[in-house]
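# Report on the structure
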Amino acid sequence: KTVGVNSNSVVSADLAGTALNLPNIIFNGAPSLSNWIPSSGASATIQYEDAEYGNVAALSGNGLASYYLLYAGNQQYWNTADNYVSWDMNFNEDYAIELAVETDQGKHYIFYSPTVAPGKNQDFVYVQLSGNIKGAGWVNVTRNIQADLNTQFPGAIITNINSIAFYGSGKVDNVQTNKE
């Protein structure tokens, strides 16, 4: 049963009235590209992958020089302060992922890569992903972005996730946020 609704997600409860933590789905292969904005010379298409994944975003460009920005509907910010972000990815080349977040201390960017050294530079937090999943087929990545942010900006609280950008060419599906 539905017990409350905000701009992007539905809060539901089971029959006993216990709140359920449902994901806030940003992209799951919907046949619209209006939420993807590729950089110059890059392209994002929706293609059928297989019975398990269905439609996915296929990102094609010039390696790490190309990026693909994913907004919520109609190129709007995600409007959620959930602590967790997850996505499925299948990349056969170098890649990186960048989240733009608003915090109570200003705007920050959380940058994920298997090759980046952990640390910070101005408003950027660099997080090294364990193991390079390049060429490993479909892999799910789930990050506690609040904890990742706090490694370099202790006490900063995420108030909104604006967008995510994928760098490199590959496939992406099931981008979502969650409170836990």
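Read on for an overview of the structure. A quick note: this is a predicted structure, and the numbers were derived from the prediction, not measured. (Residues numbered from 1 in each chain as written. Predicted model: local features only at pLDDT ≥ 70, side-chain atom pairs only at ≥ 80, totals over all residues. Heavy atoms only, no water.)

### Regarding the overall build of the protein
When helices and strands are tallied, the protein shows one helix and 16 strands. Partitioning the contacts of the protein with sequence separation of at least 6, the portion at a separation of at least 24 is 68%. With the model as given, the accessible surface of the protein reaches about 8700 Å², and the carbon-plus-sulfur share is 48%. (Helix = DSSP H or I, 4+ residues; strand = E, 2+ residues; numbered from the N terminus. Contact = heavy atoms within 4.5 Å. Areas by Shrake-Rupley, 256 points an atom, 1.4 Å probe, with all protein chains shown as cover.)

### Here we look at the sheet that holds strand S15 (residues 158-167)
Within the open sheet, the seven strands sit side by side as S5-S8-S15-S10-S11-S13-S12. Their pairing is mixed. Sheet topology places strand S5 (36-38) and strand S12 (119-121) at the edges, where each strand pairs with a single neighbour. Along the sheet, successive strands turn relative to each other by an average axial angle of 25°, direction set aside. Sheet analysis places S5 next to strand S8 (residues 67-70), joined by three bridges and oriented antiparallel. Along S8, the bridge assignment pairs Pro 38 with Tyr 68. (Pairing = 2+ DSSP bridges. Axes fitted to C-alpha atoms, helices over the stretch in contact; angles between N-to-C directions.)

### Quick notes on the side chain of Gln 146
Within the secondary structure layout, Gln 146 lies in helix H1 (residues 145-150). The class of Gln 146 is buried, set by a relative accessible area of 13%. Here Ile 158 takes part through its backbone nitrogen, which lies 3.0 Å from a polar atom of the side chain of Gln 146. Gln 146 has contacts with Asn 83, Ala 156, Ile 157 and Ile 158, leaving out every residue within four places of it along the chain. (Buried < 20%, exposed > 50% of the residue type's maximum accessible area, 1.4 Å probe, protein only. Polar contact = N/O pair within 3.5 Å; in protein donor to acceptor, adjacent residues only side chain to side chain.)

### Observations regarding the pattern of salt bridges
Counting across every chain of the model gives three salt bridges. Taking the shortest distance from any N to any O, the salt bridge between Glu 49 and Lys 171 comes out at 2.9 Å. Pair noted here: Glu 49 is in strand S6 (residues 43-50) and Lys 171 is in strand S16 (residues 170-178), with a separation of 122 residues, a long-range link. By relative accessible area, which is 22% here, Glu 49 ends up partly exposed. Exposure remark for Lys 171: the relative accessible area of 23% places this residue in the partly exposed category. For Arg 143, the salt bridge identified is with Asp 148, shortest N-O distance 2.7 Å. With relative accessibility at 22%, the residue Arg 143 sits in the partly exposed group. (Salt bridge = Lys/Arg side-chain N within 4 Å of Asp/Glu carboxyl O.)

### Re unusual backbone geometry
The phi torsion at Gln 122 lies on the positive side, around 55°, for a residue other than glycine. Along the chain, Gln 122 falls in the loop between S12 and strand S13 (124-128). By relative accessible area, which is 69% here, Gln 122 ends up exposed. A positive phi is found at Asn 174, a non-glycine position, where the angle reads about 55°. Relative to the assigned elements, Asn 174 resides in strand S16.

### Regarding the environment of Asn 150
Its location among the elements puts Asn 150 in helix H1. With relative accessibility at 26%, the residue Asn 150 sits in the partly exposed group. Linking Asn 150 and Val 125, residues 25 residues apart in sequence, is a C-alpha distance of 9.1 Å. Reaching out from Asn 150, the side chain makes a polar contact with the backbone oxygen of Ala 156 at a distance of 2.9 Å.

### Some words on the pairing of strand S7 (residues 54-60)
Two faces belong to every sheet, and in a regular strand the side chains alternate between them. Summarising burial for S7: five of the seven residues are buried, a large majority. Sheet analysis places S6 next to S7, joined by seven bridges and oriented antiparallel. Paired with Ser 43 across the bridge in S7 is Ser 60. Taking the residues between adjacent antiparallel strands as the criterion, S6 and S7 are bridged by three residues. Bridge count for S7 against S16 is three bridges, and the pairing is antiparallel. If you follow Ala 58 over to S16, its bridge partner there is Lys 171.

Scope: geometric values only; no functional claims are made or implied.
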